[in-house]
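Read off the chains here:
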Amino acid sequence: AARAGTGIEIELDKVPQRAPNMSSYEIMLSESQERMLIVVHKGREEEVKRIFDKWDLPWAEIGIITDTGHMKVRHGGKLVVDIPAKKIHEDDEVVAFRDLHPQAPVHVLIIPKTHVTSLSGASVAGAALLGRLMLAASAIAEGEGVASSGYRVVTNTGGHGGQTVFHLHLHLLGGRPMTWPPG
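If you're wondering where the values come from, they're calculated on a predicted model, not measured in any experiment. (Residues numbered from 1 in each chain as written. Predicted model: local features only at pLDDT ≥ 70, side-chain atom pairs only at ≥ 80, totals over all residues. Heavy atoms only, no water.)

Section: unusual backbone geometry
With an omega of 0 degrees, the peptide bond running from Trp180 to Pro181 counts as cis. With a phi close to 60 degrees, Asn21 is a non-glycine residue in the positive phi region. On the secondary structure map, Asn21 appears in the loop between strand E1 (7-11) and helix H1 (24-29). We classify Asn21 as exposed; its relative accessible area is 76%. (Helix = DSSP H or I, 4+ residues; strand = E, 2+ residues; numbered from the N terminus. Buried < 20%, exposed > 50% of the residue type's maximum accessible area, 1.4 Å probe, protein only.)

In structure tokens:
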């Protein structure tokens, strides 16, 4: 959706699953699901279904392309994700996009593609990934035009730290003076 400038809506309840009671996060990132996602041009769905059926391959229609510019994911009858589909940055290890509820004129979320629950869950083996996150923050700040005036990089860890999404991510905030102490 990001590359095409469109949006996407996905129903996770329609995704074939190997294990019961998987969380939304597990379904979206599970490598054990052995599945692929293909986007089919409208009007050619039956042709693709026939090909899958011919080769006895399981398939499921799990979503639609939209013109909203958002990725929406539903699971268990609830909207669990509604984020802009436009990426600010992507490399082999990191993806970044604008925060839905910005706390500054520039507010970008920088997320590792590898699951790490929080900074407390990081290990010495993951030090290179943490470095990549910080280098991505620096490059994004430059691209967003806030590097010379200054910016803040924050990660929330644990309940008292304000963590609500249990996948490590950085918040890059800029475009206005930051105050101290934060929070």
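Following the structure, the description resumes.
With respect to the sheet that holds strand E3 (residues 70-75)
Strand order in the open sheet formed by four strands is E2-E1-E3-E4, with mixed pairing between adjacent strands. With one partner strand each, in any of the chains shown, strand E2 (63-66) and strand E4 (78-84) form the two edges of the open sheet. Averaged over all neighbouring strand pairs, the angle between strand axes comes to 10 degrees, with direction disregarded. Direction of pairing for E1 relative to E3: parallel, over a ladder of four bridges. Note on E3: the bridge partner recorded for Glu9 is Lys72. (Pairing = 2+ DSSP bridges. Axes fitted to C-alpha atoms, helices over the stretch in contact; angles between N-to-C directions.)

Considerations on the sheet that holds strand E5 (residues 87-90)
Pairing is antiparallel across the open sheet formed by five strands, whose spatial order is E5-E6-E7-E9-E8. The open sheet has two free edges, formed respectively by E5 and strand E8 (151-154), since each of these has just one partner strand. Here the average twist between neighbouring strands, direction ignored, is 20 degrees. Sheet topology note: the strand E7 (residues 106-112)/strand E9 (residues 170-174) ladder contains five bridges and is antiparallel. Note on E9: the bridge partner recorded for Val106 is Gly174. Each of E5, strand E6 (94-98), E7, E8 and E9 is contacted by helix H3 (residues 127-143), which is oriented at about 155 degrees to E7, the strand it contacts most. (Contact = heavy atoms within 4.5 Å.)

Topic: the nonpolar core
Val108, Ile110, Leu133, Ile140 and Leu172 are the most contacted members of the largest nonpolar core, which totals 16 residues. Among the elements that take part in this core, H3 stands out by supplying six residues, more than any other. Those residues in contact with Val108 that lie beyond four places of it in its chain are Ile88, Ala96, Phe97, Arg98, Asp99, Ile140, Leu170, His171 and Leu172. If you look at the next biggest cluster of nonpolar residues, it comprises eight residues, including Ile8, Ile27, Ile62 and Val73. (Core = buried A, V, L, I, M, F, W, Y, C linked by side-chain atoms within 4.5 Å.)

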